[in-house]
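Commentary on secondary and tertiary structure
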Amino acid sequence: MERTLFAKGSRGEVIKRIQIKLKECGFDPGGIDGVFGRYTQRAVFSFQRIMGLSPTGEVDVSTWDKLIGEKIPSLQERLLQLISEFEGHGFTLVRGNWDGAGLTWGILGFTLKYGKIGKIILEAYKRNPETLRYAFGRNTEFLIDIVKAPLEVQLAWADSISVGRNKLRLSQPWHSAFERFGELEEIQRLQKEVVEKDYFLPALETAREYGLKSELGIALSFDIQVQNGGIKKNTRKEIMKSTTEVPLGSEQELRIIIAHAVADSAKPEFQDDVRLRKLTLATGCGKVHGKLYVLRNWGLDESLYLSFL
């Protein structure tokens with residue numbers, strides 16, 4: 001039986017690519033919305049039947065080859081699709097100072113407080129100032145000065161343009177400007193570069209440290225980097241204590257121990273949320289923010305990460 005890559009319940013840019021190709025081939029996926037729902041499932045089933053493939057309604061390797069004709073998305077792409085769904089973010093989404101982080105924007109919810117938004121803005125300006133001028137217009141130079149200023153100045157500015165009772169939204173023209181900025185292909189590529197350098201590569205180091213070789217192991221390490229900023233020193237000690245009796249080759253048990261240890265180290269008010277999210281990645285199935293996720297449908301399972309072999 002072939003490995004499932006994408007199936008009902010998955011979402012994201014890769015699913016949009018599948019839907020576009022299905023429509024081009026004459027199979028209606030029910031819209032190009034990036035959601036693998038029942039209409040997309042039916043379209044995949046019909047495509048498979050016409051092409052002489054096993055009609056499952058799931059995109060397996062053979063279906064991907066016939067439909068897309070390119071190599072399957074990298075592990076990093078598949079992880080980004082899932083974790084951005086957990087984070088509730090896309091390339092263009094921007095939020096105000098609702099949580100004290102100043103601004104939150106982009107595919108993984110980059111923040112002003114932790115320097116990622118400023119990093120992307122300055123790098124984009126260095127590469128091509130016109131990308132910022134297209135998005136921010138006459139406010140471009142002001143924005144550059146802001147992200148170079150001390151953090152307290154940045155946060156005060158972000159608070160001043162955050163509106164609504166909970167300061168979730170941005171006032172205009174900033175809201176539309178950040179959306180335009182995120183729509184640009186070169187800025188989306190830059191966001192992905194930051195994801196790779198600041199989250200994916202450190203996640204691989206974490207996985208190596210704990211002997212996690214499966215895609216689910218990399219997924220857990222990646223999510224720890226995104227949501228928790230890595231594994232804290234004291235948490236590492238707790239993991240080492242708990243793993244002395246884990247049977248050799250039992251990676252899932254190791255992942256579960258790491259998931260619990262990371263959750264225990266979170267702030268008390270966030271521990272339940274962190275635990276459910278980490279256990280979903282550790283076991284391959286679970287609820288995050290009340291929604292059920294089956295990770296095999298997102299192209300993530302116990303398969304070994306080939307770069308570690």
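Residues numbered from 1 in each chain as written. Predicted model: local features only at pLDDT ≥ 70, side-chain atom pairs only at ≥ 80, totals over all residues. Heavy atoms only, no water.

Section: the overall build of the protein
When you go through the protein residue by residue, the secondary structure sums to 14 helices and nine strands. Compactness check: the protein gives a C-alpha radius of gyration of 21 Å against a globular reference of 19 Å for 309 residues, within 12% of the reference. By its C-alpha atoms, the protein is 55 × 55 × 35 Å across when sized along the principal axes. A total of 309 residues make up the protein; the buried ones form 48% of that total. Taking the contacts inside the protein whose residues are at least 6 apart along the sequence as the reference set, 59% of them involve residues at least 24 apart. Surface summary for the protein: the accessible area is close to 15,300 Å², and the carbon and sulfur share equals 52%. Of the charged side chains in the protein, 44 are positive and 40 negative, and the gap between their average positions amounts to 2 Å. (Helix = DSSP H or I, 4+ residues; strand = E, 2+ residues; numbered from the N terminus. Rg over C-alpha atoms; globule rule 2.2 N^0.38 Å. Buried < 20%, exposed > 50% of the residue type's maximum accessible area, 1.4 Å probe, protein only. Contact = heavy atoms within 4.5 Å. Areas by Shrake-Rupley, 256 points an atom, 1.4 Å probe, with all protein chains shown as cover. Lys, Arg positive; Asp, Glu negative; His and termini not counted. Charge placed at Lys NZ, Arg CZ, Asp CG, Glu CD.)

Re the pattern of salt bridges
One pass over the full model with this rule turns up 24 salt bridges. One salt bridge connects arginine 78 with glutamate 215, and the closest N-O pair in it is separated by 3.0 Å. With a gap of 137 residues between them, arginine 78 in helix α4 (residues 75-87) and glutamate 215 in helix α11 (residues 215-228) connect regions that are remote in the sequence. Under the relative-accessibility criterion, arginine 78 is labelled buried at 5%. With relative accessibility at 5%, the residue glutamate 215 sits in the buried group. (Salt bridge = Lys/Arg side-chain N within 4 Å of Asp/Glu carboxyl O.)

Some thoughts on helix α10 (residues 185-210)
Between its first and last C-alpha, α10 extends 36 Å over 26 residues, near the 38 Å set by a 1.5 Å rise per residue. After α10 finishes, the residue glycine 211 shows a positive phi value of roughly 70 degrees. (Expected span 1.5 Å × (residues − 1).)

A look at the pairing of strand β9 (residues 291-294)
Sheet faces and side chains relate simply in a regular strand, where the side chains alternate between the two faces. Where strand β8 (residues 285-288) meets β9, four bridges bridge the pair, whose relative direction is antiparallel. Residue pairing across strands places lysine 287 opposite leucine 292, the latter belonging to β9. Connecting β8 to the next strand, β9, in antiparallel fashion are two residues, including histidine 289 with a positive phi near 55 degrees. (Pairing = 2+ DSSP bridges.)

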